Amino acid sequence: MDFYHFHENGSVHYLIANVSLETYFKGLPTVANLIFTKPRSRMPDVGFSVFSGEQLAKYNIEPRHTVAYHSWKVLDAPWALTPVAKNDYLRIYIKLEPSCLNIKFRKNNCKSSKDYSLNYVSCYRDIYLALALDDPIDKQSMVLLNANYFNQWISMLGSNHQSSDLEMVRVVPSTKNYAGTTADVMEDIPTCTICLENKITVAFLPCGHATCCKPCQENYVKYETESAVSPSAMKRVCCPHCREEIDVFYTIKFTPRYKRCLACGCDKWEVIGGGRGGCGCVIGCYENSKDLKQCPACKKPVIEIRRVFILGDQP
């Protein structure tokens with residue numbers, strides 16, 4: 001299995017797989033086996049990403065925004081905090097369910113960790129294995145085996161073969177160092193209807209029309225106020241599409257995704273996380289988002305679900 005290597009914020013190293021769990025386990029028991037062919041100071045953290053390593057690299061997304069995992073202390077796995085010897089192995093038991101992963105770990109013949117679950121938005125159909133380490137990656141130090149090859153490896157340990165006879169974890173050498181910016185994944189985020197260059201980032205309230213970027217909104221307000229024929233008219237700035245008076249210019253944002261609706265995966269984006277102090281994330285369709293208590297994009301509490309009309313959107 002190929003992994004991409006990411007070095008983030010000068011400390012954490014990530015390995016993100018390019019093959020989804022569903023593809024990797026197809027027709028086989030859902031157990032991944034991580035073999036250590038060289039000693040390590042401790043066990044790497046094991047998590048899961050909704051994007052592959054290749055997708056993260058292509059769209060310049062920071063792994064910390066897509067990788068979820070629990071610390072070994074939380075999982076009651078003291079063996080994970082001790083040094084790892086050559087030929088130690090970590091068994092990763094995974095149960096794939098819609099919108100949920102059930103996972104537990106076991107090192108060698110030690111007691112298994114606690115079971116735990118990771119929930120994810122149902123529109124992300126592919127989940128990828130991820131490793132987080134605090135030291136540089138040595139691509140010859142680990143082997144990832146499915147159940148069939150793991151049994152062969154166990155047999156090899158009792159023969160003259162060495163674990164190096166097996167294929168190592170292949171790390172794609174195009175390492176990325178992240179400074180803290182995240183790019184949008186979707187290429188069809190609607191473009192500002194004024195400059196036709198920037199992406200839409202502003203919604204006019206209360207009408208809900210989202211038509212332009214922040215610079216064009218500021219230029220539009222300046223034009224409207226400076227061209228007013230009377231002082232009273234200067235207080236009125238109207239939506240350029242429906243001419244309803246604008247009370248609030250609300251900042252909206254499109255977070256990384258492959259489906260428009262983060263609630264059900266449909267092709268609609270009709271609501272944002274609104275209200276005073278709201279996140280402003282474009283969530284998806286109204287029908288499946290109206291009762292949300294937590295934003296599926298940023299995980300912040302939903303203060304208000306606000307309808308918007310995103311112009312320039314080409315389904």
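Below, the structure is looked at part by part. Everything quoted here is computed from the prediction, not taken from an experiment. Note on numbering: residues in each chain are counted from 1, in written sequence order. Only residues with pLDDT of 70 or above have their local features reported here, since the model is predicted, and side-chain atom pairs are shown and tallied only from 80 upward, although totals for entire chains, interfaces and linings are computed over all residues. No hydrogens and no water enter the side-chain calculation; it runs on all heavy atoms of the structure.

### Quick notes on the overall build of the chain
How we decide: Numbering of helices and strands runs from the N terminus, with a helix taken as a DSSP run of H or I at least four residues long and a strand as a DSSP run of E at least two residues long. Categorising residues by exposure relies on relative accessible area from a 1.4 Å probe, with only protein chains included: less than 20% of the type maximum marks a residue as buried, more than 50% marks it as exposed, and the intermediate range marks it as partly exposed. Throughout, a contact is declared for two residues whenever any of their heavy atoms are within 4.5 Å. Each accessible area is a Shrake-Rupley result for a 1.4 Å probe, and residues are judged covered by the shown protein chains and nothing else.
When you go through the chain residue by residue, the secondary structure sums to 4 helices and 18 strands. Burial statistics for the chain: of 315 residues in total, 47% are counted as buried. Relative to all contacts within the chain whose residues are 6 or more apart in sequence, the contacts with residues 24 or more apart total 65%. In the structure as shown, the chain presents an accessible area of about 15900 Å², 49% of it carried by carbon and sulfur atoms.

### Some thoughts on the sheet that holds strand β17 (residues 304–307)
Let me state the cut-off plainly: Strand pairing requires that DSSP identify at least two bridges connecting the strands. Lines fitted to C-alpha atoms define the axes, with helix axes restricted to the stretch in contact, and inter-axis angles between N-to-C directions lie between 0 and 180 degrees.
Strand order in the open sheet formed by 3 strands is β16-β15-β17, with antiparallel pairing between adjacent strands. A single partner strand is all that each edge strand has here, and the edge strands are β16 (282–284) and β17. Across the sheet, the mean angle separating the axes of adjacent strands is 45° when strand polarity is ignored. Across 4 bridges, strand β15 (residues 271–274) lies against β17 in antiparallel orientation. Bridge assignment links I272 to a residue of β17, and that residue is R306.

### Quick look at the pattern of salt bridges
Put simply, the rule is: Every case where a carboxyl oxygen of Asp or Glu lies within 4 Å of a side-chain nitrogen of Lys or Arg is listed as a salt bridge.
Within this structure, the stated rule accounts for 9 salt bridges. Note that E62 is salt-bridged to R64, the shortest N-O span being 2.7 Å. By relative accessible area, E62 is classed as buried at 0%. In this structure, E287 and K290 form a salt bridge, with 3.6 Å as the shortest nitrogen-oxygen distance. You can call E287 exposed: its relative accessible area is 53%. Overlapping salt bridges, with partners in common, bring together R42, D45 and D134 in one network.

### Quick look at helix α4 (residues 214–226)
So the rule is basically this: Expected helix span is given by 1.5 Å per residue-to-residue step, counting one fewer step than there are residues. What the arc measures is the spread of directions leading from the helix axis to the C-beta atoms.
Helix length check: α4, at 13 residues, gives a terminal C-alpha distance of 18 Å against a target of 18 Å (1.5 Å per residue), a fit within 8%. Every buried residue of α4 is listed here: C216, Q217, Y220 and E224. Seen end-on, α4 carries its buried residues on one side only, within an arc spanning 105°. Those residues of α4 that are exposed and angled more than 90 degrees off the buried face are N219 and E226. In this fold, the buried residues of α4 make contact with β12 (202–205), β13 (209–212) and β14 (248–251).

### Here's the deal with the packing of aromatic side chains
Rules: Pairing of aromatic rings covers Phe, Tyr and Trp, the last through its six-membered ring, and needs centres within 6.5 Å; plane angles under 30 degrees mean stacked, over 60 mean edge-to-face, and all others mean tilted.
Counting across every chain of the model gives 8 aromatic pairs. Between W72 and F105, the aromatic rings sit 4.9 Å apart at their centres with planes inclined by 70°, giving edge-to-face as the arrangement. Residue W72 is located in the loop between β5 (67–68) and β6 (89–97), and its partner F105 is located in strand β7 (residues 100–107); the two are separated by 33 residues in the primary sequence. Comparing W72 with F105, the two get one shared label, buried. With 5.1 Å between their ring centres and 70° between their planes, Y89 and F150 make a pair best called edge-to-face. Here the residue Y89 occupies a position in strand β6, and F150 occupies one in helix α3 (residues 147–157), the gap between them amounting to 61 residues.

### Some thoughts on the nonpolar core
Quick note on the threshold: Here the nonpolar core consists of buried residues drawn from Ala, Val, Leu, Ile, Met, Phe, Trp, Tyr and Cys, with membership extended through side-chain atoms lying within 4.5 Å.
Ranked by internal contacts, the top residues of the largest apolar core, which has 48 residues, are F48, W72, L90, I92, F105 and L129. Broken down by element, the residue count for this core peaks at 6 residues, all from strand β9 (residues 128–133). With residues up to four places along the chain from it excluded, the contact list for L129 reads F3, L15, I16, A17, L21, V46, G47, F48, I92 and L144. Core analysis: the second largest hydrophobic core is formed by 13 residues, I200, A203, I272 and V308 among them.

### Some remarks on the environment of C192
When you line up the elements, C192 lands in the loop between β11 (170–178) and β12. Residue C192 is classed as buried on the basis of its relative accessible area, which comes to 0%. Taking the C-alpha atoms as reference, C192 lies 8.1 Å from C216; in sequence the two are 24 residues apart. Non-local contacts of C192, meaning those with residues more than four positions away in its chain, are made with E197, N198, K199, I200, T211, C212, C213 and C216.

### Things to note about the pairing of strand β4 (residues 45–49)
The buried fraction of β4 amounts to 5 of the 5 residues, a majority that puts the element mostly inside the structure. Side-chain alternation along β4 places D45, G47 and S49 on one buried face and V46 and F48 on a second face that is also buried. Where β4 meets β9, 5 bridges bridge the pair, whose relative direction is antiparallel. Within the sheet, the bridge partner assigned to G47 lies in β9 and is A130. The pairing of β4 with β5 spans 2 bridges and is classified as antiparallel. Bridged to F48 within β5 is A68.

### With respect to the sheet that holds strand β3 (residues 31–36)
Read across the sheet, 5 strands follow the order β8-β7-β6-β3-β10 without closing on themselves; strand pairing throughout is antiparallel. Looking along the sheet, the strands with just one partner apiece sit at the ends: β8 (116–119) and β10 (142–145). Averaged over all pairs of adjacent strands, the angle between strand axes in this sheet comes to 25°, irrespective of strand direction. Pairing of β3 with β10 involves 4 bridges; the strand directions are antiparallel. Bridged to F36 within β10 is M142.

On their own, these measurements won't tell you what the molecule is for.
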